Amino acid sequence: GAGVSQSPSNKVTEKGKDVELRCDPISGHTALYWYRQSLGQGLEFLIYFQGNSAPDKSGLPSDRFSAERTGGSVSTLTIQRTQQEDSAVYLCASSPHIDTGELFFGEGSRLTVL
Amino acid sequence: GQNIDQPTEMTATEGAIVQINCTYQTSGFNGLFWYQQHAGEAPTFLSYNVLDGLEEKGRFSSFLSRSKGYSYLLLKELQMKDSASYLCARGTLEYGNKLVFGAGTILRVKS
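The rules behind these values
- Residues numbered from 1 in each chain as written.
- Chains lettered and ligands numbered in written order.
- Predicted model: local features only at pLDDT ≥ 70, side-chain atom pairs only at ≥ 80, totals over all residues.
- Heavy atoms only, no water.
- Pairing = 2+ DSSP bridges.
- Helix = DSSP H or I, 4+ residues; strand = E, 2+ residues; numbered from the N terminus.
- Axes fitted to C-alpha atoms, helices over the stretch in contact; angles between N-to-C directions.
- Disulfide = S-S within 2.5 Å.
- Buried < 20%, exposed > 50% of the residue type's maximum accessible area, 1.4 Å probe, protein only.
- Contact = heavy atoms within 4.5 Å.
- Polar contact = N/O pair within 3.5 Å; in protein donor to acceptor, adjacent residues only side chain to side chain.

Picture the strands of a sheet paired through backbone hydrogen bonds; they go either parallel or antiparallel. All names here are of chain A. If you trace the four strands from one edge of the open sheet to the other, you get β1-β3-β8-β7, paired in antiparallel fashion. The open sheet has two edge strands with one neighbour each: β1 (5–7) and β7 (65–69). Shown here is a sheet whose adjacent strand axes are inclined to one another by a mean of 15°, direction ignored.

A full pass over the atoms with the stated rule returns two disulfides over all chains. Two residues share a disulfide in this structure: C23 of chain A and C92 of chain A, whose sulfurs sit 1.9 Å from each other. Between C23 of chain A and C92 of chain A the sulfur-sulfur dihedral comes to about -65°; the bridge is accordingly left-handed. Taken as a pair, C23 of chain A in strand β3 (residues 19–24) and C92 of chain A in strand β9 (residues 88–95) lie far apart in primary sequence, 69 residues in all. Accessibility assignment for this pair places C23 of chain A and C92 of chain A in one class, buried. Two residues, C22 of chain B and C88 of chain B, share a disulfide whose sulfurs are 1.9 Å apart. With the S-S bond torsion at -70°, the cross-link from C22 of chain B to C88 of chain B turns out left-handed.

Residue and element names in this part refer to chain B. Here T26 lies in the loop between β3 (18–24) and β4 (29–37). Residue classification places T26 among the partly exposed positions, given a relative accessible area of 43%. C-alpha of T26 to C-alpha of R66: the two residues are 40 residues apart in sequence and 7.2 Å apart in space. Those residues in contact with T26, other than ones at most four positions away along the chain, are R66 and G69.

Before going further, it helps to spend a moment on the side chain of H29 of chain A. Residue and element names in this part refer to chain A. In this fold, H29 is placed in the loop between β3 and β4 (31–37). At 3.3 Å, the side chain of H29 forms a polar contact with the backbone nitrogen of S95. Excluding residues that lie within four positions of it along the chain, H29 makes contacts with R69, G72, S94, S95, P96 and F104.

For the rest of this paragraph, the subject is the pairing of strand β11 (residues 105–110) of chain B. Residue and element names in this part refer to chain B. Burial along β11 is one-sided: T105, L107 and V109 are buried, and none of I106, R108 and K110, which face the opposite way, are. Two strands pair when backbone bridges link them, and strand β2 (residues 9–13) and β11 are joined in this way by five bridges, in the parallel orientation. Across the sheet, M10 pairs through a bridge with L107, a residue of β11. Here strand β9 (residues 84–92) pairs with β11 via three bridges, running antiparallel. Within β11, the residue paired with S85 across the bridge is I106.

So this is what it looks like as structure tokens:
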């Protein structure tokens, strides 16, 4: 597609369930980033990928969060045993390479944990 | 955001000029970025400053002073469609040039 695609756009889940969020970056973009945006808060960095490697996992809030990227393209962010504080919009962004700050964002996945 | 400060909200009149300020922590600085985010939509890139001075792009301009840890976004000839959140972000010297975002400034343009 022309832009970054994320799915699902909305997810409502019960506390304790696992969720998977998917990101399809712009074709050819080697860098991929996950951010989280809570109401009234700035974008919080979670993790980034250069190709399939994740050199910086420092932003993941806990060990319940994990992410992978395959084929240098699609990425999945997995949250295990969801908690109410995980409720947020999860934004994915891609970039042609890591040296630029011009990120192309998807519309996000809004997660609500009941 | 991490040591990035910008006003929470601003209101301006259609056709006017508005300046949105941003101050940031200078250590490990690697560029200053501005993004626009309309409600419920993805943030979109507006501008990038790495050297001191003013960068102009149409109705939008962005200024940077590295020694002061200060930037502003200037919007001229305001239009109703400019109502959005404006996010200031600092590039870092960490591998991957991770962007650290401020909480954003909600700009409301009134007629």
